[in-house]
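# Summary of the model geometry
Chain by chain, the residues:
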Amino acid sequence: MSAPAQTDLLALDRAAQDLLFRAARTANTFTDEPVTDAQVTAIHDLIRYGPTAFNGQPLRVLLLRSAAARARLLPYLSSGNRAKTATAPLVAVLAADVDFHDRLPELFPHRPQARDWLTDRAARAEQARLNATLQIGYLLVGVRAAGLAAGPMAGFDAAGVTREFFPDGRHETLLLMNVGRPGPDAWHDRLPRLDATEVISIR
């Protein structure tokens, strides 16, 4: 008997695998079809179950729809990211809530002392950034699960965006993400991926 194909070892069917990973791409152009509040809520209701340390869920998402909000953001972007961000139907500013520990009595109730473990702001901010970044990965896959394309971007002045949109100092901007239906010439050729033997080691 021949060995099963790798795709046969996965619980997701082939179409779902392709939707989330193989056929999904980082989009650089988008149609003008809007991304609705209902779609955003459905994505969040799916990805909120991804694990985070202490169940802290520090990711905060600011959605920019209006031209006025885009105008505030664009000066902080690198030149290569401005046009696609100006025309994407939805732009998400993805930030870490550095004071996420305030919600731990509610979110991690079996350890009432958990909030007190994170009184040091620097250590707490590191936890917030790490776990919010993990949640951004879930969000990217959730956008794809909704049949939409995501265009995550790191080419921007994060400190400037934080000052512009989160002046209270509680949030730290980590990433920007354009979301929508892919437009014409939305992506470049697929780049190489490392093989499992180059990534995984066993001892």
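So, here's what we can say about the structure. Throughout this description, residue numbers start from 1 for each chain and increase along the sequence as written. Reporting in this predicted model follows two pLDDT cut-offs: at least 70 for local features of residues, and 80 or more for side-chain atom pairs to be given and counted; totals over whole chains, interfaces and linings ignore these cut-offs and use all residues. The basis for every side-chain value is the complete set of heavy atoms in the structure, and neither hydrogens nor water enter the calculation.

### A few points about helix α2 (residues 37–47)
The periodicity of an α-helix, 3.6 residues per turn, causes residues three or four positions apart to be oriented the same way. Accessibility here uses a 1.4 Å probe with only protein chains present; expressed as a share of the type maximum, an area under 20% marks a residue as buried, one over 50% as exposed, and anything in between as partly exposed. Helical segments are the DSSP runs of H or I of at least four residues, strand segments are the runs of E of at least two, and each set is numbered from the N terminus. When α2 is considered as a whole, its buried residues turn out to be Q39, I43 and I47. The arc enclosing the buried residues of α2, seen along the axis, measures out at 60 degrees, which places them on a common side. For α2, exposure combined with an orientation more than 90 degrees from the buried face picks out D37 and A38. Directions are taken from the helix axis to each C-beta atom, and the arc is the one they span.

### Concerning the pairing of strand β4 (residues 171–180)
Here β4 lies mainly inside the structure; eight of its ten residues are buried. Here strand β2 (residues 90–97) runs beside β4; their pairing, made up of eight bridges, is antiparallel. Bridge pairing links V93 to L176 in β4. As judged from the five bridges shared by strand β3 (residues 149–153) and β4, these two strands associate in the antiparallel manner. Pairing of M153 across the sheet is with L176, part of β4. Criterion used throughout: strands pair if DSSP finds at least two bridges between them.

### Here we look at the packing of α2 against helix α6 (residues 121–145)
The geometry of a pair of packed helices is captured by two quantities: the angle between their axes and the separation between those axes. Angles here are taken between N-to-C directions and fall from 0 to 180 degrees, while the axes themselves are lines fitted to C-alpha atoms, restricted in helices to the stretch in contact. Where α2 contacts α6, the axes come no closer than 9 Å and their chain directions differ by 130 degrees. Considering the angle they form, α2 stands oblique to α6. At the point where α2 passes α6, the crossing takes the right-handed sense. Packed against α2, whose contacting residues are I43, L46 and I47, the element α6 presents Y138, L139, G142, V143 and A145 at the interface. Side-chain classes are defined by residue name, with Ala, Val, Leu, Ile, Met, Phe, Trp, Tyr, Cys and Pro counting as nonpolar, Asp, Glu, Lys and Arg as charged, and the others, Gly among them, as polar. Each residue belonging to the contact of α2 with α6 can be placed in one class, and the counts come to seven nonpolar, one polar and no charged. For classification purposes, angles smaller than 35 degrees are called roughly parallel, those larger than 145 roughly antiparallel, those between 65 and 115 roughly perpendicular, and all remaining angles oblique. Here a crossing is called left-handed whenever its near helix is offset anticlockwise from the far helix by less than a right angle, and right-handed whenever the offset is clockwise. Whether two residues are in contact is decided by their heavy atoms, any of which lying within 4.5 Å being enough.

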